[in-house]
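# A look at the structure
The residues making up each chain are set out below.
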Amino acid sequence: KAGVTQTPRYLIKTRGQQVTLSCSPISGHRSVSWYQQTPGQGLQFLFEYFSETQRNKGNFPGRFSGRQFSNSRSEMNVSTLELGDSALYLCASSLEGARETQYFGPGTRLLVL
Amino acid sequence: GDSVTQMEGPVTLSEEAFLTINCTYTATGYPSLFWYVQYPGEGLQLLLKATKADDKGSNKGFEATYRKETTSFHLEKGSVQVSDSAVYFCALTTPQAGTALIFGKGTTLSVSS
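If you're wondering where the values come from, they're calculated on a predicted model, not measured in any experiment.

Residue and element names in this part refer to chain A. The omega torsion across threonine 7 and proline 8 is -15°, close enough to zero to call that bond cis. On the secondary structure map, proline 8 appears in the loop between strand 1 (5-7) and strand 2 (10-13). The backbone phi angle of threonine 80 is positive, close to 45°, even though this residue is not glycine. With respect to the secondary-structure elements, threonine 80 resides in the loop between strand 8 (74-78) and strand 9 (87-94). Note on threonine 80: relative accessible area 47%, which makes it partly exposed.

Structure representation (structure tokens):
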């Protein structure tokens, strides 16, 4: 079974731009969560989507948003990029009956200049 | 709030040495506990988990026991290999938080031959 895939793997943007990251979960997994990883703050939960609805949200500004499609694929959008948004963005998927066990993708590394 | 504290690294060991990485937690209710591993340039891989007190999680020679009385989940391995060199993250989630994992800062392990 294929794992979680994320595209693109690397991205360079400039301040003020917006960016969209994509995540395809493991087949059959309907829950998708997003995390931000930075050297300073470590790994932080952004949000979770299930059945096209945001089910849980971390403590991030409204510039960070997401959505989920009917095939469970998810996108994350960051508007008005800031230098501090440079990070590795990780997506994880899980089965509804075992939500606590999450499988992570390789991440998208975003550099904001 | 809920939190995870793990020992600062880096940890440097010789091949076949014994490994312990300490992890303690603060959480309301009954958290599930996890160890994830991140190899250079990759996402997170679930190493092991325990969902209730006194459970022992194990995988690939690694073990950790959920100790509620000491709020700990220390990771151990009897004989490390060079291929174990990676960053190890202790994490928890609670039923209230759903899939939102709270991570420790990570411990870098370097094993030399």
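On we go.
This part takes up the sheet that holds strand 8 of chain A. Residues and elements named next belong to chain A. What the four strands build is an open sheet, ordered 1-3-8-7; its pairing is antiparallel. With one partner strand each, in any of the chains shown, strand 1 and strand 7 (64-68) form the two edges of the open sheet. Each strand of the sheet is rotated relative to its neighbour by a mean of 20°, with strand direction disregarded. Direction of pairing for strand 1 relative to strand 3 (residues 19-24): antiparallel, over a ladder of three bridges. When the sheet's bridge partners are listed, glutamine 6 is paired in strand 3 with cysteine 23.

By convention here, two paired aromatic rings are described through the distance between centres and the angle between planes. Enumeration over the complete set of coordinates arrives at twelve aromatic pairs over all chains. For the ring pair tyrosine 35 of chain A and phenylalanine 45 of chain A, a centre distance of 5.6 Å and an interplane angle of 65° mean the geometry is edge-to-face. With a gap of ten residues between them, tyrosine 35 of chain A in strand 4 (residues 31-38) and phenylalanine 45 of chain A in strand 5 (residues 42-50) connect regions that are remote in the sequence. Residue class for tyrosine 35 of chain A comes out buried when judged on its relative accessible area of 0%. Overall, phenylalanine 45 of chain A belongs to the buried group, its relative accessible area being 10%. Ring geometry for tyrosine 25 of chain B against tyrosine 66 of chain B: centres 6.1 Å apart, planes inclined by 85°, an arrangement best described as edge-to-face. Highlighted residues: tyrosine 25 of chain B in strand 4 (residues 23-26) and tyrosine 66 of chain B in the loop between strand 8 (62-65) and strand 9 (75-77), separated in sequence by 41 residues. This pair shows no difference in class: tyrosine 25 of chain B is buried, exactly as tyrosine 66 of chain B is. Members of the aromatic cluster, connected to one another through ring pairs, are Tyr35, Phe45 and Phe104 of chain A together with Phe34, Tyr36, Phe89 and Phe103 of chain B. Here the basic side chain of arginine 55 of chain A rests over the ring of phenylalanine 50 of chain A, its NZ or CZ set 4.3 Å away from the ring centre.

Right, let's talk about the interface of chain A and chain B for a bit. Chain A puts 21 residues into the contact, and the matching count from chain B is 20 residues. Each partner contributes to the roughly 1500 Å² buried at the junction of chain A and chain B, and carbon and sulfur atoms together form 54% of this total. It is Leu43, Glu100 and Phe104 of chain A that lose the most area in chain A upon contact with chain B, and together they represent 37% of the buried surface on that side. Our enumeration of links across chain A and chain B arrives at zero salt bridges. In this structure, the connection of chain A to chain B is made through nine residue pairs in polar contact (both at pLDDT 80 or more). If you list the elements that add at least two residues to the side of chain A that touches chain B, you get strand 4, strand 5 and strand 9 of chain A. Here the element with the most residues in the side of chain A that touches chain B is strand 4 of chain A; it accounts for four residues.

Rules and cut-offs
- Residues numbered from 1 in each chain as written.
- Chains lettered and ligands numbered in written order.
- Predicted model: local features only at pLDDT ≥ 70, side-chain atom pairs only at ≥ 80, totals over all residues.
- Heavy atoms only, no water.
- Helix = DSSP H or I, 4+ residues; strand = E, 2+ residues; numbered from the N terminus.
- Buried < 20%, exposed > 50% of the residue type's maximum accessible area, 1.4 Å probe, protein only.
- Pairing = 2+ DSSP bridges.
- Axes fitted to C-alpha atoms, helices over the stretch in contact; angles between N-to-C directions.
- Phe/Tyr/Trp six-rings, centres within 6.5 Å; stacked < 30°, edge-to-face > 60°.
- Lys NZ or Arg CZ within 6 Å of the ring centre and 35° of its normal.
- Contact = heavy atoms within 4.5 Å.
- Buried area = accessible area lost by both parts, 1.4 Å probe.
- Salt bridge = Lys/Arg side-chain N within 4 Å of Asp/Glu carboxyl O.
- Polar contact = N/O pair within 3.5 Å; in protein donor to acceptor, adjacent residues only side chain to side chain.

Remember that the coordinates give geometry; whether it matters functionally is a separate question.
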